[in-house]
Amino acid sequence: RCATACLVDCKTLTSRAVSVGEAMHASGPGNAACVAVLGGVLILGGRTSPKAAGGSLASTLVSLPAEIPVDGVVEATATPLRIWPSDAAPTARWRHSAVALAEAPGIVVLFGGRDGDSTLGDAWLLDVEAARWRQFDPQGEECPRARHSHAAVAVPSSTPPSAMDPGRWTP
């Protein structure tokens, strides 16, 4: 529940403070997942105490300026991502993984994590622009089982999955 974060330039290996002037994320920052998307950073989930994830999966989009100043604090804005109330959405969680897809930078895959009592094994797609979640069931023998405190990476493929169709999803 702080108003600052750290932005790292991977080319120069330098870091800069980022300020949003208010609490950055309602449910975190404890064990939240952060994903670079659409000119900013999406913060998903997190916990509010050692055994509580909150009532729903908090999602905050931190928008960075188009031009990052050479020195000083980077001023950014944090906006809660409002999910359509009638849509299904993942339950609140922490210690989960989230990655943006290279083939579709506005699509985030969320997997697993913990809630207060159990380890989760569900998988979700988030269309950041449409602010809509869609649950999917990974298929195949090598798909992961329920887990938390893990990492994930998106590997580009030559054929994007059909769920990433540019037409998006129908509600």
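Summary of the structure given here. If you're wondering where the values come from, they're calculated on a predicted model, not measured in any experiment. (Residues numbered from 1 in each chain as written. Predicted model: local features only at pLDDT ≥ 70, side-chain atom pairs only at ≥ 80, totals over all residues. Heavy atoms only, no water.)

## Digging into the environment of L101
Step number 1: Looking at where L101 falls in the secondary structure, it is placed in the loop between β8 (97–100) and β9 (107–114).
Step number 2: It is 8.9 Å that separates the C-alpha atoms of L101 and V153, two residues lying 52 residues apart in sequence. (Helix = DSSP H or I, 4+ residues; strand = E, 2+ residues; numbered from the N terminus.)

## Considering the side chain of H96
Step number 1: Along the chain, H96 turns up in the loop between β7 (77–80) and β8.
Step number 2: On the basis of relative accessible area, H96 is assigned to the buried category, the value being 6%.
Step number 3: Among the polar contacts made by the side chain of H96, one reaches the main-chain carbonyl oxygen of L44 at a distance of 3.0 Å.
Step number 4: With residues near it in sequence (within four places) discarded, H96 still touches N31, A32, A33, L44, G45, G46, L110, F111, G112, G113 and H150. (Buried < 20%, exposed > 50% of the residue type's maximum accessible area, 1.4 Å probe, protein only. Polar contact = N/O pair within 3.5 Å; in protein donor to acceptor, adjacent residues only side chain to side chain. Contact = heavy atoms within 4.5 Å.)

## Quick word on the packing of aromatic side chains
Step number 1: In this structure the tally under the stated criterion is 1 aromatic pair.
Step number 2: Measuring from ring centre to ring centre gives 6.3 Å for W124 and W133, while their planes differ by 85°; the resulting arrangement is edge-to-face.
Step number 3: Classification of W124 by relative accessible area gives buried; the value is 4%. (Phe/Tyr/Trp six-rings, centres within 6.5 Å; stacked < 30°, edge-to-face > 60°.)

## What to know about unusual backbone geometry
Step number 1: If you check the backbone angles, L13 has positive phi at about 55° while not being a glycine.
Step number 2: Under the relative-accessibility criterion, L13 is labelled exposed at 72%.
Step number 3: Although it is not a glycine, A131 adopts a positive phi angle of roughly 55°.

## A word on the sheet that holds strand β4 (residues 40–44)
Pairing between the strands of a sheet comes from backbone hydrogen bonds, and it takes one of two forms, parallel or antiparallel.
Step number 1: Ordered in space as β3-β4-β5-β7, the 4 strands form an open sheet in which the pairing is antiparallel. Two strands bound the open sheet, and with one partner strand each, they are β3 (33–37) and β7. Looking at each pair of strands side by side, their axes are set apart by 25° on average, direction ignored.
Step number 2: As defined by bridge partners, strand β5 (residues 59–63) adjoins β7 across 4 bridges and the pair is classed as antiparallel. Its bridge partner lying in β7, L61 is registered against T79. (Pairing = 2+ DSSP bridges. Axes fitted to C-alpha atoms, helices over the stretch in contact; angles between N-to-C directions.)

## Things to note about the side chain of R93
Step number 1: Mapped onto the fold, R93 is located in the loop between β7 and β8.
Step number 2: Since its relative accessible area comes to 0%, R93 is described here as buried.
Step number 3: At 3.0 Å, the side chain of R93 forms a polar contact with the backbone oxygen of T91.
Step number 4: Looking at R93, its side chain comes within polar contact range of the main-chain oxygen of G112, at 2.9 Å.

## Quick look at the pattern of salt bridges
Step number 1: Taken as a whole, this structure holds 1 salt bridge when the rule is applied.
Step number 2: With a closest N to O distance of 2.8 Å, D122 and R93 form a salt bridge. One end of the pair, D122, is in strand β10 (residues 119–127); the other, R93, is in the loop between β7 and β8, and 29 residues separate them in sequence.
Step number 3: Using a relative accessible area of 17% as the deciding quantity, one classes D122 as buried. (Salt bridge = Lys/Arg side-chain N within 4 Å of Asp/Glu carboxyl O.)

## Some thoughts on the sheet that holds strand β11 (residues 132–136)
Step number 1: Strand order in this open sheet of 4 strands is β8-β9-β10-β11, and the pairing throughout is antiparallel. In this open sheet, the two edge strands, each paired with only one partner strand, are β8 and β11. The mean angle between the axes of side-by-side strands here comes to 25°, regardless of whether they run parallel or antiparallel.
Step number 2: Of the pairings in the sheet, the one linking β8 to β9 comprises 4 bridges and is antiparallel in character. What sits directly across from S97, in β9, is F111.

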